[in-house]
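# Structural overview for review
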Amino acid sequence: MSRPNPFDVEITPELIVRAYRAGIFPMAEDAEDEDLFWVSPEYRGVIPLDGFQLSTSLRKAIRKSSFVIRVDTDFPAVIEGCATVGKDRSSTWINATIRGVYGELFRRGIAHTVEVWDGPNLVGGLYGLAIGGAFFGESMFHRATNASKMAMAHLVERLNAGGFVLLDTQFVTDHLASLGGIEIPRAEYEEQLAAALQLEGDWSAWDRRDQ
């Protein structure tokens, strides 16, 4: 279900956060359209944090990889990667309004990135919002085999370490389904969201785990 955004409503970081807390998220028709519309799907995509799936072969490949995981170091590059049209993406809903408002959410410490680097090159990653005990995944990309799966694997470990209880993926693609993504009815999602918003996840807990 989508809801149009009235032209006289300013899209602010505060409005975006209120929308997510209400179970709604924004999208654009395409990168050239500056307006947004609000979406509340009848069935919501989530990855249960105790149900994330990686094949044994993929786990081995990730362990042997020379890629390096970083978080929150280059938001513009990650959102640019997510917005880039390529062989696995023929269009993008990430427009200038999305870039601007989510960039401000990043500066406020609400939006976060997980980045996969191969030396000086960003080869994959994802971004989303951490609100309460929920993480709202927005988009992901890869320029190297398994890079986006590696980013998602780290995200799940980080969320579990920080006491998060909900990983919202909005929709379920074949890619996300292969990692354990499922669809749940809107009413069930709203129950899980309400419970998650009663908590306060700690995004940085992973970084302190060995201290």
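See the structure above.
In this text, all values refer to a predicted model and were calculated from it rather than measured experimentally. (Residues numbered from 1 in each chain as written. Predicted model: local features only at pLDDT ≥ 70, side-chain atom pairs only at ≥ 80, totals over all residues. Heavy atoms only, no water.)

## Quick word on a positive patch on the surface
Taken together, the side chains of R59, K60, R63 and K64 make up a positively charged region of the molecular surface. Within the secondary structure, K64 is located in helix 2 (residues 56–64). According to the relative accessible area criterion, K64 is exposed, its value standing at 74%. (Patch = residues over 30% accessible without salt bridge, like charges linked within 9 Å, V, L, I, M, F, W, Y side chains within 5 Å. Areas by Shrake-Rupley, 256 points an atom, 1.4 Å probe, with all protein chains shown as cover. Salt bridge = Lys/Arg side-chain N within 4 Å of Asp/Glu carboxyl O. Lys, Arg positive; Asp, Glu negative; His and termini not counted. Charge placed at Lys NZ, Arg CZ, Asp CG, Glu CD. Helix = DSSP H or I, 4+ residues; strand = E, 2+ residues; numbered from the N terminus. Buried < 20%, exposed > 50% of the residue type's maximum accessible area, 1.4 Å probe, protein only.)

## Describing the environment of R158
In this structure, R158 sits in helix 5 (residues 147–161). By relative accessible area, which is 2% here, R158 ends up buried. Through-space distance from the C-alpha of R158 to that of S204 is 8.0 Å; in sequence the pair is 46 residues apart. When sequence neighbours within four positions are dropped, the list of residues in contact with R158 reads V71, W203, S204, W206 and D207. (Contact = heavy atoms within 4.5 Å.)

## Section: unusual backbone geometry
Not every positive phi belongs to a glycine, and D72 is a case in point at roughly 60 degrees. Of note, D72 is situated in the loop between strand 5 (68–71) and helix 3 (75–83). Here D72 falls in the partly exposed class, since its relative accessible area comes to 26%. The backbone phi angle of N146 is positive, close to 70 degrees, even though this residue is not glycine. Inspection of the secondary structure puts N146 in the loop between strand 8 (134–142) and helix 5.

## What to know about the packing of aromatic side chains
Considering all chains together, one arrives at six aromatic pairs under this definition. Each ring, one from F25 and one from F171, has its centre 5.7 Å from the other, and the planes form 85 degrees; the classification is edge-to-face. In this pair, F25 sits in strand 2 (residues 25–27) while F171 sits in the loop between strand 9 (166–170) and helix 6 (174–177), placing the two residues 146 residues apart along the sequence. A ring pair is formed by F75 and Y127, whose centres lie 5.6 Å apart and whose planes are at 85 degrees; its orientation type is edge-to-face. With F75 in helix 3 and Y127 in strand 7 (residues 121–131), the pair connects residues that are 52 residues apart, well separated along the chain. In this structure, F75 and Y127 share a single accessibility class: buried. Clustering of aromatic rings is evident, with ring pairs tying together F75, Y102, F106 and Y127. (Phe/Tyr/Trp six-rings, centres within 6.5 Å; stacked < 30°, edge-to-face > 60°.)

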